[in-house]
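Overview (structure and organization)
Listed below are the residues making up each chain.
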Amino acid sequence: MAEKIDEYFVDAVGALAAGATRADRSGPIVATSALTVQNVLDLFDSQLGSRHLDLAARWLRSRGKGFYTIGSSGHEGNAAVAAALRYTDPALLHYRSGGFFLQRASQVSGLSTGSNPLRDVLLGLCAATDEPISGGRHKVFGRRDLNVIPQTSTIASHLPRAVGVAFSIGRAAKLGVDTPWPRDAVTVCSLGDASANHSTAVGAVNTATHAAYQGLPLPLLFVCEDNGIGISTKTPTGWIAASFGNRAGLEYFAADGSDVVDAHGVATRAVDWVRKHRKPAFLHLRTVRLMGHAGSDVEAAYRTPAEITGDYERDPVLRTAGLLVEYGGLSPAEILDCYEAKRSEVIGIAEEVAGLPQLASAAAVMRPLHDALADAIAARPPTGATPGGGEPLTVAQSINRALADVLTEHPGALIFGEDVARKGGVYGVTRGLAQKFGPARVFDTILDEQAILGSALGAGLAGLLPIPEIQYLAYLHNAADQIRGEGATLQFFSDRQYRNPMVVRVAGYGYQKGFGGHFHNDNAVGALRDIPGIVIASPSRPDDAAAMMRTCAAAAHTAGTLCVYLEPIALYHVRDLHDGGDDQWLAPYPTEAVPVGRARTYGDGSDLTIVTFGNGVPMSLRVARRLEGAGISTRVVDLRWLAPLPVADIVREANATGRTLVVDETRASGGVSEGVLAALVDNSYAGALARVASEDSFIPLGDAALTVLLSEDQIEAAARKLTS
Ligand SMILES: Cc1ncc(C[n+]2csc(CCOP(=O)(O)OP(=O)(O)O)c2C)c(N)n1
């Protein structure tokens, strides 16, 4: 079925009155514009390409060949925003950015892959493996050689990262670290008007303005493409201007996205302003949404016919056509020739790519994840730089020293989070680092976990090695999408062309004696355990803590690994294991590296294997001593890594005794023991098996906490039962 806007365009152009003839295309299209006739023709070409890609998406879909129909129709004015930027300015784009993408591609002569951007988008629509950014994993606007960083379609989730990119380009330059973008780059990110209400967007704008308020360089252009509606829900008239037009520290520009002359003029002023002042600005681009939200959307269900057709008048492609006819010396027939020629070109390519191969096996789909993990497992920290041995340290002291080593070894390493600098962290883990390495490397952030993780995402892309801190595990959860949906997916959806190196330090788990209650004793790791491709470190003892931190930094640096490093708060300052004054939970700084995914085994007992991690390690070691007194010889396996689990080590140690008890301080549901039990079953472990875990509960205040947290008595009882 023909699209109404397609017919409308052809009819409307056919009815245009011819303007004055004009032979010279190098002069301004209108006296007030910096755009020449040729510039407008170039923009028109990008707009036409974008429009015909949308039409082709539906054509492909109707033949069962295309899989994605969210289009850019009505938003093609964003081509003028691209024209106002340099192609070296990093772009994190809204999903209606066909015009921007094609225009940017046209700015780069001789694309490094030599590919045709129309074809690339069509390959994406067909999920073809030839698609150059995601390799058939998603339809995204992204190209490394165009500095377009691919985005997920979780609206606004890319904005914290954009803030991080804008911040980090300057910071990397200051630290003398190579970055993919020039020092004077303007970062651009775009979003829809409904998305502008998302707390992620509001938070990103706040983070940017908060930084700029303090004089920190933050050259970021937010582009809000305001079509007045989000799927079926209208944005109140004037809302975007009302909420962003008068914000302290946010320069506001407004333009008509249907009019390339206005859009280009205002966008140029906005971009120049950001580049000059190194501060954030907000470009409010008024657009229309043509052809509904997506191909499957029945727009007539929630908009009147008059509302729908009323937008046709503001079709940016039609407006540019009108401009070229009125002032550019093109006849309506010539415009229609361009229109039809672009249609033929796009459909021709669509026919060619429609049958191309798609990802056909789980191995092919998962290759970036597999390779990323293999590289992480192979990563080793630099040797020789830091001597081991010396005074025995606590877990907190050991992490502190490892962080100092990482800062020394990696000039691009940054430590940031809530209270990490001046105070040195709630528990003193980062004490002294700000003084030693300075405020450019170790700094306090605003109180917003999305901002902390988003900054880390951007810093990693800019060539830095971010080590953000989440003050308590409970607070990771209100920002988890920055890890789950953004950081962890980037290698997958860019076929590893973009990576998100970072080591997120998270203080967590229960049993701590200082602060009580759930939020300081959160023991839920389910939101992390199922994320493909990330590494989760969970050290228990001081020497492992340092070695594992250094391994994580190495994996992030060399393989782009996103590492979550879970710190057991209750063990930070512990010195003793069995008896007061035994100092058995202290250890000298390590000399040996601890590779990703390798467990540590204590003892070689032959009656029972206890598999545990975190607080469970010293608890199990104490129980093992009690069992030894009862004639039960036990070995205790510390997993050390919750992802990837050290499966080979688990299976080997379990088979060695034939009786295995999994000791898990996290919740019974979604907790770590589920993974350990599954690994044993999957690997045909045939021995006796049991587990003890904490209750499926939040942690209450006071001693009541101990009623739901796993206890040593429970471990001992389970061990005796298993060995009786
Ligand atoms: C976090 C999140 N919630 C919900 C959605 C589903 N969703 C996709 S697009 C959309 C509307 C976005 O509207 P707007 O920001 O105005 O952009 P437009 O599509 O109009 O260009 C919604 C709700 C999503 N992608 N992400």
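I will try to describe carefully the structure that is included in this document.

Definitions and limits used
Residues numbered from 1 in each chain as written. Predicted model: local features only at pLDDT ≥ 70, side-chain atom pairs only at ≥ 80, totals over all residues. Heavy atoms only, no water. Helix = DSSP H or I, 4+ residues; strand = E, 2+ residues; numbered from the N terminus. Rg over C-alpha atoms; globule rule 2.2 N^0.38 Å. Buried < 20%, exposed > 50% of the residue type's maximum accessible area, 1.4 Å probe, protein only. Contact = heavy atoms within 4.5 Å. Lys, Arg positive; Asp, Glu negative; His and termini not counted. Charge placed at Lys NZ, Arg CZ, Asp CG, Glu CD. Phe/Tyr/Trp six-rings, centres within 6.5 Å; stacked < 30°, edge-to-face > 60°. Lys NZ or Arg CZ within 6 Å of the ring centre and 35° of its normal. Expected span 1.5 Å × (residues − 1). Bend = angle between axes of the 7 residues up to and from the residue. Near = heavy atom within 4 Å. Polar contact = N/O pair within 3.5 Å; in protein donor to acceptor, adjacent residues only side chain to side chain. Areas by Shrake-Rupley, 256 points an atom, 1.4 Å probe, with all protein chains shown as cover. Nonpolar A, V, L, I, M, F, W, Y, C, P; charged D, E, K, R; others polar. Pairing = 2+ DSSP bridges. Axes fitted to C-alpha atoms, helices over the stretch in contact; angles between N-to-C directions. Core = buried A, V, L, I, M, F, W, Y, C linked by side-chain atoms within 4.5 Å. Salt bridge = Lys/Arg side-chain N within 4 Å of Asp/Glu carboxyl O. Right-handed = clockwise from strand over helix to strand, strands pointing away.

**What about the overall build of the chain?**
Assigned secondary structure in the chain consists of 25 helices and 21 strands. Scaling as 2.2 N^0.38, a compact globule of 724 residues should have a C-alpha radius of gyration of about 27 Å, and the chain matches this with 29 Å. Overall, the C-alpha framework of the chain stretches about 100 × 55 × 45 Å when taken along its three principal axes. By the burial criterion, 60% of the 724 residues in the chain qualify as buried. For the chain, restricting intrachain contacts to residue pairs at least 6 apart in sequence, the fraction spanning at least 24 positions comes to 79%. The averaged location of the 77 negative side-chain charges in the chain is 3 Å from the averaged location of its 64 positive side-chain charges.

**Re the packing of aromatic side chains**
Counting across every chain of the model gives 14 aromatic pairs. A ring pair is formed by Phe 9 and Tyr 339, whose centres lie 4.2 Å apart and whose planes are at 25°; its orientation type is stacked. Pair noted here: Phe 9 is in helix 1 (residues 4-14) and Tyr 339 is in helix 12 (residues 332-353), with a separation of 330 residues, a long-range link. Each member of the pair, Phe 9 as well as Tyr 339, carries the same accessibility label: buried. Members of the aromatic cluster, joined through ring pairs, are Tyr 427, Tyr 472, Tyr 475, Phe 515, Phe 519 and Tyr 572. The ring of Phe 443 has Arg 171 lying over it, and the distance from NZ or CZ to the ring centre is 5.3 Å. The positively charged end of Arg 600 is found above the aromatic ring belonging to Tyr 602, 5.9 Å away from the centroid.

**Quick notes on helix 13 (residues 362-378)**
Here helix 13 spans 23 Å end to end across 17 residues, near enough to the 24 Å set by a 1.5 Å rise per residue. At Pro 368, helix 13 shows its strongest bend, of approximately 50°. For helix 13, the set of buried residues is Pro 368, Leu 369, Ala 372 and Ala 376. In this structure, the buried side of helix 13 is in contact with helix 18 (481-493), strand 13 (535-537) and helix 20 (542-559).

**Comments concerning the site of the ligand**
As a matter of local geometry, the ligand sits amid 17 residues, with His 94, Tyr 95, Arg 96, Ser 153 and Ser 195 nearest to it. Asp 193 is positioned with one of its side-chain polar atoms (N or O) 3.2 Å from an oxygen atom of the ligand. One nitrogen or oxygen atom from the side chain of Asn 227 is found 2.9 Å from an oxygen atom belonging to the ligand. Protein coverage of the free-state accessible area of the ligand, which is 580 Å², stands at 74%. For the shell around the ligand, the residue count by class is 5 nonpolar, 10 polar and 2 charged.

**Here's the deal with the sheet that holds strand 18 (residues 634-638)**
Reading across from one edge, 16-18-17-20-21 is the order of the 5 strands in this open sheet, with mixed pairing throughout. Edge strands, defined here as strands with exactly one partner in the open sheet, are strand 16 (600-602) and strand 21 (688-694). Averaged over neighbouring strand pairs, the angle between their axes works out to 20° when direction is ignored. Here 7 bridges tie strand 20 (residues 659-667) to strand 21, and the two strands are oriented parallel to one another. If you follow Val 663 over to strand 21, its bridge partner there is Val 692.

**A closer look at the sheet that holds strand 14 (residues 562-568)**
Reading across from one edge, 10-9-11-12-14-13-19 is the order of the 7 strands in this open sheet, with mixed pairing throughout. Only two strands of the sheet have a single partner each, and these edge strands are strand 10 (442-444) and strand 19 (641-643). The average undirected angle you get between the axes of adjacent strands in this sheet is 20°. Pairing between strand 11 (residues 465-470) and strand 12 (residues 502-508): 2 bridges, direction parallel. Residue pairing in the sheet places Glu 469 in a bridge with Arg 505 of strand 12. Seen against the sheet, helix 20 touches strand 11, strand 12, strand 13, strand 14 and strand 19 and runs at an angle of roughly 165° to strand 14.

**Comments concerning the nonpolar core**
Phe 9, Ile 29, Leu 122, Leu 221, Leu 283, Leu 324 and Ile 335 are the most contacted members of the largest nonpolar core, which totals 80 residues. Take this core: its biggest share by element is 11 residues, from helix 2 (residues 37-62). Not counting residues within four places of it along the chain, the set of residues in contact with Ile 29 comprises Arg 22, Leu 35, Thr 36, Val 37, Val 40, Val 261, Leu 323, Leu 324, Tyr 327 and Gly 328. Judged by nonpolar contacts, the second largest core, of 78 residues, contains Leu 92, Ala 204, Phe 416 and Ile 534.

**Observations concerning the side chain of Ser 258**
Structurally, Ser 258 can be placed in the loop between strand 6 (251-256) and helix 9 (260-277). The buried category is assigned to Ser 258, whose relative accessible area is 1%. Within the structure, the side chain of Ser 258 is placed 2.6 Å from the backbone oxygen of Arg 314, a separation counted as a polar contact. Apart from residues lying up to four places away in sequence, Ser 258 is in contact with Arg 286, Arg 314, Pro 316 and Arg 319.

**Remarks on unusual backbone geometry**
Residue Pro 644 is reached from Ala 643 by a cis peptide bond, and omega for that bond is -10°. Mapping Pro 644 onto the fold places it in the loop between strand 19 and helix 22 (647-657). In this structure, Ala 127 takes a positive phi of about 55° despite not being glycine. Looking at the element boundaries, Ala 127 is found in the loop between helix 5 (117-125) and helix 6 (159-175). A residue is classified by how much of its surface remains accessible, and Ala 127, at 18% relative accessible area, is buried. For Asp 495, which is not glycine, the phi torsion reads 50° and is therefore positive. Turning to its location among the elements, Asp 495 is positioned in the loop between helix 18 and strand 12. Given a relative accessible area of 24%, Asp 495 falls into the partly exposed group.

**Quick word on helix 20**
For helix 20, built from 18 residues, the straight-helix expectation of 26 Å at 1.5 Å per residue is met to within 8% by its first-to-last C-alpha distance of 25 Å. Counting buried positions over the 18 residues of helix 20 gives 16, a clear majority of the element. Looking one or two residues past helix 20, Gly 560 carries a phi angle of roughly 70°, positive in sign.

**A short note on the pattern of salt bridges**
Once their charged atoms are close, side chains differing in charge can pair, the charge on each being opposite to the other. Scanning the entire structure with this criterion turns up 43 salt bridges. Of the charged contacts in the structure, one is a salt bridge between Glu 3 and Arg 58, with a shortest N-O distance of 3.5 Å. Here the residue Glu 3 occupies a position in the segment before helix 1, and Arg 58 occupies one in helix 2, the gap between them amounting to 55 residues. The burial state of Glu 3 is the same as that of Arg 58; both residues are buried. For Arg 635, the salt bridge is made with Glu 653, and the minimal N-O distance between the two is 2.6 Å.

**With respect to the pairing of strand 2 (residues 187-192)**
In terms of burial, strand 2 is largely enclosed, as 6 of its 6 residues are buried. Residues of strand 2 alternate between two faces, with Thr 187, Cys 189 and Leu 191 on one and Val 188, Ser 190 and Gly 192 on the opposite face, all of them buried. Two elements, strand 1 (residues 91-92) and strand 2, share 2 bridges in a ladder whose sense is parallel. Paired with Leu 92 across the bridge in strand 2 is Cys 189. Taken together, the 6 bridges between strand 2 and strand 3 (residues 220-226) define a ladder with parallel strand orientation. By the bridge assignment for strand 3, Gly 192 is matched with Glu 225. As a crossover connection, the stretch from strand 2 through helix 7 (residues 199-213) into strand 3 is right-handed.

**Comments concerning the environment of Arg 104**
Looking at the element boundaries, Arg 104 is found in helix 4 (residues 98-107). In this structure, the C-alpha to C-alpha distance between Arg 104 and Ala 630, residues 526 residues apart in sequence, is 74 Å. With near-sequence residues (within four places) excluded, Arg 104 lies in contact with Ala 82, Leu 85, Arg 86, Tyr 87, Asp 89, Ala 91, Leu 146, Asn 147 and Val 148.

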